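# Tertiary structure, described
Next come the chains, spelled out residue by residue.
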Amino acid sequence: MISGNDFYKVMCAMVPLYFAMLVAYSSVKWWKIFTPEQCSGINRFVAVFAVPVLSFHFISQNNPYQMDTKFILADTFSKLLVLVLLSVWAVFFNGGLDWLITLFSVATLPNTLVMGIPLLKAMYGDFTQSLMVQLVVLQCIIWYTLLLILFEYRAATLLIQTQFPGKTAASISKIELDNDVISLDGRDPLHTESEVESNGRIRVRIRKSTSSAADSINTPRPSNLSNAEIFSVNTFVGGGGGGGYRSGASPQYCMSGYASSDAYSLQPTPRQSNFNNNELDQLEMMNAANTNNTNTPVSVWSRSPVGRLFRHPSPVFSGVKMLWDSSPSSVKFSNTHEAEEEEEEEQRQGSSANNHVVVALAAAGKEISFRDSTKVQIPEETDTKGAEISQEMPHALVMLRLILIVVGRKLSRNPNTYSSVLGVLWSLISFKWNVGMPSLVKYSIKIISDAGLGMAMFSLGLFMALQPRIIACGTKRATIGMVIRFLCGPIIMSAASVAVGLRGVKLHAAIVQAALPQGIVPFVFAREYGLHPDILSTGVIFGMLVSLPVTLLYYICMGL
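Along each chain, residue indices are assigned from 1 in the same order as the chain's sequence is written. Since the coordinates come from a predicted model, pLDDT governs what is reported: local features require at least 70, and pairs of side-chain atoms require 80 or more to be given and counted, while whole-chain, interface and lining totals use all residues. Excluding hydrogens and water, the side-chain figures rest on all heavy atoms present in the structure.

Secondary structure elements follow DSSP: runs of H or I of four or more residues count as helices, runs of E of two or more count as strands, with numbering from the N terminus. As for its position among the elements, asparagine 62 is in the loop between helix H2 (36–60) and helix H3 (69–92). Sequence-wise, asparagine 62 and methionine 132 are 70 residues apart; in three dimensions their C-alpha atoms are separated by 10.0 Å. The contact partners of asparagine 62, leaving out residues within four places of it in the chain, are Met67, Ser130, Val133, Gln134, Ser427 and Phe431. Side chain to side chain, asparagine 62 and serine 130 meet in a polar contact 2.7 Å long. In what follows, a contact means two residues having at least one pair of non-hydrogen atoms within 4.5 Å. Any N or O atom pair separated by 3.5 Å or less is treated as a polar contact, with the protein-specific requirement of one donor-capable and one acceptor-capable atom, and with residues adjacent in sequence counted only for side-chain atom pairs.

Let us look at the nonpolar core. Core analysis: the largest hydrophobic core is formed by 117 residues, its most contacted members being Ile172, Leu184, Ile206 and Met457. The element best represented in this core is helix H6 (residues 127–163), accounting for 18 residues. Filtering out sequence-adjacent residues up to four positions away, methionine 457 remains in contact with Leu17, Tyr18, Ala20, Met21, Val114, Met115 and Met544. Grouping buried Ala, Val, Leu, Ile, Met, Phe, Trp, Tyr and Cys residues that are joined through side-chain atoms within 4.5 Å yields what is termed a nonpolar core. Burial here depends on accessible area, computed with a 1.4 Å probe over protein chains only, as a share of the maximum for the residue type. Under 20% is buried, over 50% is exposed, and the range in between is partly exposed.

Let us look at the environment of serine 430. Here serine 430 is to be found in helix H11 (residues 415–433). Accessibility expressed as a relative area gives 13% for serine 430, which makes it buried. Serine 430 sits 367 residues away from asparagine 63 along the chain, and the two C-alpha atoms are 8.7 Å apart.

Let us now look at the packing of aromatic side chains. What counts as a ring pair is set by centres within 6.5 Å for rings of Phe, Tyr and Trp (its six-membered ring), and what kind of pair is set by the plane angle: stacked under 30 degrees, edge-to-face over 60, tilted for all other angles. Counted by the stated rule, this structure contains nine aromatic pairs. Taken together, a centroid distance of 6.4 Å and an interplanar angle of 80 degrees make the contact between phenylalanine 525 and tyrosine 529 edge-to-face. Pair noted here: phenylalanine 525 and tyrosine 529 are both in helix H16 (residues 520–529), with a separation of four residues, about one helical turn. Note on accessibility: phenylalanine 525 and tyrosine 529 belong to one class, buried. Through a chain of ring-to-ring contacts, the aromatic side chains of Phe151, Phe525 and Tyr529 assemble into a single cluster. Over the face of the ring belonging to tyrosine 443 we find lysine 442, whose NZ or CZ atom lies 5.9 Å from the ring centre. The criterion is that NZ of a Lys, or CZ of an Arg, lies within 6 Å of the ring centre and within 35 degrees of the ring normal, and then a charge sits over that ring.

This brings us to the pattern of salt bridges. When a carboxyl oxygen of Asp or Glu lies within 4 Å of a side-chain nitrogen of Lys or Arg, that pair is called a salt bridge. The tally for this structure, following the rule as stated, stands at 13 salt bridges. Measuring nitrogen to oxygen at the nearest pair gives 2.6 Å for the salt bridge that ties arginine 205 to aspartate 178. Pair noted here: arginine 205 is in strand S3 (residues 202–208) and aspartate 178 is in the loop between strand S1 (172–177) and strand S2 (190–196), with a separation of 27 residues, a long-range link. The exposure class assigned to arginine 205 is partly exposed, which follows from its relative accessible area of 25%. By relative accessible area, which is 13% here, aspartate 178 ends up buried. Of the charged contacts, one joins glutamate 197 and arginine 203 as a salt bridge, the two residues approaching to 3.7 Å between their closest N and O atoms. Relative accessible area serves as the criterion here: at 27%, glutamate 197 is assigned to the partly exposed category. What you see here is one network of salt bridges that share partners, running through Lys174, Glu176, Asp178, Glu193, Glu197, Arg203, Arg205 and Arg207.

Note on patches: the residues involved have over 30% relative accessible area and no salt bridge, like charges join within 9 Å, and the nonpolar side chains Val, Leu, Ile, Met, Phe, Trp and Tyr join within 5 Å. Surface exposure here means Shrake-Rupley accessible area, sampled with a 1.4 Å probe, where a residue is shielded only by the protein chains that are shown. Side chains of Tyr65, Ile141, Ile142, Tyr418, Val421, Leu422, Leu425, Leu428, Ile429, Phe431, Trp433 and Val435 sit close together on the surface and give an oily, nonpolar patch of about 1,100 Å² of accessible area. Of all elements in the fold, only H6 and H11 reach the threshold of two or more residues within the nonpolar patch. On the basis of relative accessibility, which here comes to 48%, the residue leucine 422 falls in the partly exposed class.

Turning next to H2. Three or four residues apart is the spacing at which side chains of an α-helix point the same way, because the helix has 3.6 residues per turn. For H2, spanning 25 residues, the distance from its first C-alpha to its last is 35 Å, which sits close to the expected 36 Å at 1.5 Å a residue. The principal kink in H2, of about 40 degrees, is found at valine 46. To estimate the expected span of a helix, subtract one from its residue number and multiply by 1.5 Å. The angle separating two fitted axes, one through the seven residues that finish at a residue and one through the seven that start at it, defines the bend at that residue.

One non-glycine residue, lysine 32, lies in positive phi territory at about 55 degrees. Mapped onto the fold, lysine 32 is located in the loop between helix H1 (4–29) and H2. A relative accessible area of 60% places lysine 32 in the exposed class. Look at histidine 532: it is not a glycine, yet its phi comes out positive at around 50 degrees. One can find histidine 532 in the loop between H16 and helix H17 (533–558).

This part takes up the sheet that holds S1. A pair of strands is labelled paired if DSSP reports no fewer than 2 bridges between them. In space, the three strands of this open sheet follow the order S1-S3-S2, with mixed pairing throughout. If you trace the sheet from one side to the other, it starts and ends with S1 and S2, each paired once. Across the sheet, the mean angle from the axis of one strand to that of its neighbour is 20 degrees, orientation sign disregarded. Where S2 meets S3, seven bridges bridge the pair, whose relative direction is antiparallel. Opposite glutamate 195, over in S3, you have arginine 203 as the bridge partner. Only the contacting stretch of a helix is used when fitting its axis, a line to C-alpha atoms as for every element, and angles between N-to-C directions run 0 to 180 degrees. Seen against the sheet, H6 touches S1, S2 and S3 and runs at an angle of roughly 60 degrees to S2. Where helix H10 (residues 396–412) meets the sheet, it contacts S1 and S3, and its direction lies at approximately 10 degrees from that of S1.

Take a look at the structure:
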């Protein structure tokens, strides 16, 4: 039976956290103390310093040689069970990869570090801190990495479908990335170069769009992954005027934060042409070089259209360009010299790339160039008999290598990756040989980690205040999300815990932990990759408000 003293201990642990969130919310919403730019700076500090140091502090103090095997198995089994069920639904019932990722995030990835440790410690005692830290380690090293792999696979699939439609992608034998390509999430405009080998196989290189360089100088890039990073208003989404592949919304400043579903629309959004003067000069130089030396194959790049993109079979003629107008009926064939003269004439008349799209196939040789700039609505391709051409993908090993490269690069730039790994390494050394951390280092870390919880909740309050609506995804989706988060998650966790033999207080702790509010990292990923961020935003904000009464209800019911 839960006594009044037990209830008071829980409130003493949680009210200070909610007080920090309330102060931050009031500072922006009512008192107007912080500007959006100042909020962004606070969030940046929390993401880069406060939360990673807090993670290191907890992980380094946890004894890895006394891990609770049953508790870890219960948590792992519950997540795998959810993943298997969603996979079956996605494959056999046309659920789709997008909803698999979103529902997996909502059902299995709570805010264990910021909310779980103080709440469970107040409810069931100090031993639960070690249990929660063990789950935090697994989340950071395994489950967030798996989530990132799913997001990158989705982004890679969209890129392949956009730039290599139909059966073309099946001929890709190798995909290489430039060193400055960190992710395929579409935040940086990308373009692809491809070369057809003598055996008919295609080699692809993914590059950043050179026209995005000016924007990248003026726009600081938030870190890619954090347990508490919140993107505030005026955060730049996309690569500005640069072209390249985009999997999410069009480049713009989101003045309303990330609550508006319009800001996350996956529909194509008209934007200004990316065809700038520098690229026109480069195009003229390449054409001039090709004219002087007709034996040298040259790939000619062009900007993609804004709005609808019409694709056609790409016949290869020696020394011939194909020029597509804004409608599919106006396809012009000309020799290379005539095509160059027409392009120059259009440039002199002020024609923009929004009106004419040049799709150039420099087929004098075996080099073919593909280029696209954004995810747009593409009609289903049909063959000459009107039958649909199914989309094929590169070999599984080619896709696996691509995804592992981008995931590794992204994790290498994540502060939490280093804090988790260093924390585990130090705990292994410390508890193996009974080595204490030097006092100078210990107290330097402690002074930042002590502020970590409060600053993380303060950051959440800033995020809430910057949103125009608490429920951004609509009442129906919000209700479904809350049911999955606070009802289905604990039910699956309780079933998995009982299956592995977890009983008593640890079983209760496992169930309450599964009913914690939505984690921050899944929302950060959803925003970056343009996949249902309004649902995850609602889960973070509204879930934070209802989680305390819900977890207290579970605590009281299990204490009867």
